[in-house]
Amino acid sequence: MPRDPRNQTDAGQPGRALQLLKNVAAAANLCDTAANALEIACAEILTFTGWYACGVFLPESDGKFVLVDVLGLSNEERAALESEIRAIKAVRHDPGVGMPGRVLETKQPEWLNLNGLYENSAQYPNINAARGMGIRTAIGVPLMSSDRVCGVLAFYSKQDLFFDQLTYDLMADIGVQLGRSLERNNAEARLSESEARYRGIFDGAMEGIYRTSLQGQNLLANPALATMLGFDSPEEVVNQVTDSANQVWVDPEERSTFVQLLQKNQTVRDYECQYRRRDGSRIWVSLNSKLVRLPNGEIVFDGFIEDITARKQSEQALRDAEAFNLSVLNSLSEPIAVLNQSGIIVSVNAAWRRYHGENSTDPDRLEDVGRHYLEAFGKAALGLGSDPDAIAGISSVLQGEKGHFVLLYPATSAAGRRWFNMRVTRMLGPKANVVVAHEDVTEQVLSELALKEKNLALKEILATVEAEKRVIGEQVVANVEKVVMPLVRSLGEGLGRVHTDTIRQLEAALENIASPFTHQLSRQFASLSPTELKICNLIRNGLGVKQVAEIEHLAPETVATHRRNIRRKLGIANEKANLTSFLRLLMEEGGDKATVAIALPT
């Protein structure tokens, strides 16, 4: 197409156009950033064409193109056109919308004369703002990278420029040059950002990161690895660790095994071994490594190292504590089982295994670990699975309702019938296991049973002695009253008054010797005087007031007073109760006043 003579630019001149392409290519290749390349290239184009300004449209993350800057304006012009530029920046261009959108859609330059457009056109939303800037012609240039539009340059002129094929083709070539530069710079920026991000991760990682040759030369290390091995910097690790098998590994032969695993499997995970630090101290580490072939053909392995010394120390401390606890349990003579919260046996001591080895025919019963306690011992010699008290007690401790439970129970063993004292105790700590101990208390129980039998036999002997004493006493009383006393009275009548006092004293002495009634009455009723005791004994033998008065040389009135005092002290409130009957019943019932009171006739 021939050049339109109405154009006011020399852009179509081949010689000057070639120079422009060279200048744009130099800017694209020499500038360190895409922004600098675009700025220099646009300045060259504006100078070459005499156009007014250039709008740079770039895609955002959602793919929509927006105005990022207007190049070629002076500060005064930029300030004067601030509202128009802001309006253009506010528009987000999809493919086909506005001149940038049409370029994005067609991937070809767009020559646009604003005189032929209607105001407020939906297809060209920037038309009013462009006219406000005095724009009459706009040329959109796609910045191409391969087959993709990575940006749009919109050149503005305040003159009416008519389509020129040479200028059109020149802008298309420039778009390709700048598109490649823009994409290259973007790729470099992304690479630089990725490298910075990787370096941040590499340097800030808590785990050691390394690359090592198969021969043991440290090729790469991060700060965490340097600290782990006791070096001041990663560079020291790389420069000084040239034979890791002998410098780092505690066991050089183990590194050979590790390398063989890597060569066989390509990767090794969670490999635990001991490393030697720079100062000679040892640490435990966990290795995760992968075999890698470098572009030059060299085979190395990369990986991560985690310091697990603290974990190993904790595990060893736990093993030591468990060994100590097991040693303590095994040193006890009581059979002991440890249950978890579900009642499953998780551990037993030597005494437990020994007891069941001696008393069970089931070889599986030597350990019992993994079995439910109540189910495993429902029918066992040392078991309580069928005892409801045991079930309730053990369950209450397992469920946390009680802290402990104790039960004495009998059991049958090879040595015969035995007795055990079972103690179920809830352990303190996060696991809250339960300890069941069975103490053999057979000797104690047998001793208690033997003592009870001896006590029963002694009680029977004492009861027999008391019965015999009672019989002998009754016989003595009967002989004194029926044989001796009548003879004494006859003797008294024969001797006359001269020996009356002597006879009476003899009678009283015989009464005191032969009558357990007097002693019993004095114990039960301590308030009775000696005279009242004698009168009670005489009344019990059936003597009336006058007879008692004669025997005791007392006035009948005095004897009557004594009788009233005796009734009061004995608590005989019922006037109808016969004192003689009361005293006789008191002797027969062994001094039980309540029983005598019930037995008295009313």
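Residues numbered from 1 in each chain as written. Predicted model: local features only at pLDDT ≥ 70, side-chain atom pairs only at ≥ 80, totals over all residues. Heavy atoms only, no water.

A. The overall build of the protein chain, seen in detail. Along the backbone of the protein chain there are 23 helices and 15 strands. Expressed as a percentage of its 602 residues, the buried residues of the protein chain come to 39%. Restricting to contacts in the protein chain with at least 6 residues of sequence separation, those with at least 24 account for 50%. Approximately 33600 Å² of the protein chain is accessible, and the part contributed by carbon and sulfur atoms is 53%. (Helix = DSSP H or I, 4+ residues; strand = E, 2+ residues; numbered from the N terminus. Buried < 20%, exposed > 50% of the residue type's maximum accessible area, 1.4 Å probe, protein only. Contact = heavy atoms within 4.5 Å. Areas by Shrake-Rupley, 256 points an atom, 1.4 Å probe, with all protein chains shown as cover.)

B. How the structure looks around empty space enclosed by the protein. Going through the model one piece at a time under the given rule, you end up with three cavities of 30 Å³ or more. In this model, the largest cavity occupies a volume close to 170 Å³. Lining the largest cavity are 17 residues, with M99, L112, N126, I127 and A130 sitting closest to its centre. Secondary-structure elements contributing two or more residues to the lining of the largest cavity are α5 (98-106) and α6 (127-132). Broken down by element, the lining of the largest cavity gets its largest block of residues, three residues, from α5. In terms of residue class, the lining of the largest cavity is made up of 14 nonpolar, three polar and no charged. In this structure, the second largest cavity spans a volume of roughly 120 Å³. (1 Å grid on protein atoms, 1.4 Å probe; cavity = no way out; pocket = protein on both sides within 12 Å on 5 of 7 lines; lining within 4 Å. Points joined across faces, edges and corners; volume = space filled by probe spheres on them. Nonpolar A, V, L, I, M, F, W, Y, C, P; charged D, E, K, R; others polar.)

C. Structural view of a negative patch on the surface. Where like charges cluster on the molecular surface, the negative patch consists of E207, D270, E306 and D307. Examined against the element boundaries, E207 turns out to sit in the loop between α7 (165-204) and β6 (208-213). (Patch = residues over 30% accessible without salt bridge, like charges linked within 9 Å, V, L, I, M, F, W, Y side chains within 5 Å. Salt bridge = Lys/Arg side-chain N within 4 Å of Asp/Glu carboxyl O. Lys, Arg positive; Asp, Glu negative; His and termini not counted. Charge placed at Lys NZ, Arg CZ, Asp CG, Glu CD.)

D. Seen up close, the pairing of strand β10 (residues 299-307). When β6 meets β10, the two strands line up antiparallel, connected through six bridges. Across the sheet, residue S213 finds its bridge partner in β10, namely V300. Relative to β10, strand β9 (residues 282-293) runs antiparallel, the two sharing nine bridges. Counterpart to S286 in the pairing with β10 is E306. (Pairing = 2+ DSSP bridges.)

E. Representation of the side chain of T212 within the structure. Tracing the backbone through its elements, the reader meets T212 in strand β6. Judged by relative accessible area, which is 5%, T212 ranks as buried. Among all residues touching T212, those that are not within four sequence positions of it are Q217, N218, L219, S244, R255, V300 and F301.

F. Seen up close, the packing of aromatic side chains. Going through the model one piece at a time under the given rule, you end up with nine aromatic pairs. Centroid distance W51 to F155: 5.6 Å. Interplanar angle 50°. Geometry classified as tilted. Taken together, the positions of W51 in the loop between α2 (34-49) and β1 (53-59) and F155 in strand β5 (residues 148-157) put the pair 104 residues apart, joining distant regions of the chain. The burial state of W51 is the same as that of F155; both residues are buried. Between W111 and F163, the aromatic rings sit 5.5 Å apart at their centres with planes inclined by 65°, giving edge-to-face as the arrangement. Here W111 is found in strand β3 (residues 110-113), whereas its partner F163 is found in the loop between β5 and α7, with 52 residues between them in sequence. Here K158 stacks its cationic end above the ring of Y52, 4.1 Å away from the centre of that ring. (Phe/Tyr/Trp six-rings, centres within 6.5 Å; stacked < 30°, edge-to-face > 60°. Lys NZ or Arg CZ within 6 Å of the ring centre and 35° of its normal.)

G. Main features of the pattern of salt bridges. Counted under the stated rule, the structure contains 17 salt bridges. We note a salt bridge from R102 to E110, for which the minimum N-O separation is 2.7 Å. Linking E315 and R311 is a salt bridge whose minimum nitrogen-to-oxygen distance equals 3.2 Å. In this pair, E315 and R311 both sit in helix α12 (residues 309-331), four residues apart, roughly one turn of the helix. Connected through salt bridges with shared partners, the residues E272, R311, K312 and E315 form a single ionic network.

H. Structural detail: a nonpolar patch on the surface. There is a patch of nonpolar side chains on the surface, built from L458, I461, L462 and V465 and spanning about 350 Å² of accessible area. Counting through the fold element by element, I461 comes out in helix α16 (residues 442-495).

I. Geometry of the sheet that holds β5. If you walk across this open sheet you meet the five strands as β2-β1-β5-β4-β3, and the pairing is antiparallel. Taken across any chain shown, the strands that pair with only one partner, and hence form the sheet edges, are β2 (65-71) and β3. Shown here is a sheet whose adjacent strand axes are inclined to one another by a mean of 20°, direction ignored. Summarising the sheet, β3 and strand β4 (residues 137-145) pair through four bridges and their orientation is antiparallel. Within β4, the position partnered with E110 by the bridge is G140. Each of β1, β2, β3, β4 and β5 touches α5; the most contacted strand, β4, lies at about 40° to it. (Axes fitted to C-alpha atoms, helices over the stretch in contact; angles between N-to-C directions.)

J. Focus on helix α11 (residues 252-265). Between its first and last C-alpha atoms α11 spans 20 Å; for 14 residues at 1.5 Å apiece the expected length is 20 Å, and the two agree. Listed in full, the buried residues belonging to α11 are R255, F258, V259 and L262. For α11, the arc enclosing every buried residue in end-on projection is 100°, short of the 170-degree limit, so these residues lie on one face. Residues of α11 that are exposed and point more than 90 degrees away from the buried face comprise E253, Q260 and K264. Contacts made by the buried residues of α11 are with β6, α10 (244-247), β8 (267-276), β9 and β10. Among the residues of α11, the N-terminal cap falls to D251, whose side-chain oxygen and the backbone nitrogen of E253 are separated by 3.1 Å. Backbone geometry just downstream of α11 places Q266 in the positive-phi region, at approximately 70°. (Expected span 1.5 Å × (residues − 1). Arc of directions from axis to C-beta. Polar contact = N/O pair within 3.5 Å; in protein donor to acceptor, adjacent residues only side chain to side chain.)

K. Main features of the environment of E272. Along the chain, the position of E272 falls in strand β8. For E272, a relative accessible area of 31% translates into the label partly exposed. Spatially, the C-alpha atom of E272 lies 4.5 Å from that of S286, the residues being 14 residues apart in sequence. Residue contacts for E272: discarding those within four places in its chain leaves E254, W284, V285, S286, I308, R311 and K312. A polar side-chain atom of E272 sits 2.3 Å from a polar atom in the side chain of R311.

L. Region of the structure containing the sheet that holds β6. Strand order in the open sheet formed by five strands is β7-β6-β10-β9-β8, and the pairing between neighbours is antiparallel. Strands at the two margins of the open sheet, each flanked by one partner only, are β7 (218-221) and β8. In this sheet, neighbouring strand axes are inclined to one another by 30° on average, regardless of whether the strands run parallel or antiparallel. Where α11 meets the sheet, its contacts fall on β6, β8, β9 and β10, and the angle it forms with β8 comes to roughly 170°. In the packing of α12 onto the sheet, contacts are made with β8, β9 and β10, and the angle to β9 comes to roughly 130°.

M. Quick peek at the packing of helix α19 (residues 530-540) against helix α21 (residues 556-570). It is the contact of α19 with α21, at a shortest axis distance of 10 Å, that shows an interaxial angle of 95°. As far as their axial angle goes, α21 and α19 are roughly perpendicular. Between α19 and α21, the residues in contact are T531, E532, I535, C536 and I539 and H562, R563, N565, I566 and K569, respectively. Of the residues contributing to the contact of α19 with α21, the split by class is four nonpolar, three polar and three charged. (Parallel < 35°, antiparallel > 145°, perpendicular 65-115°, else oblique.)

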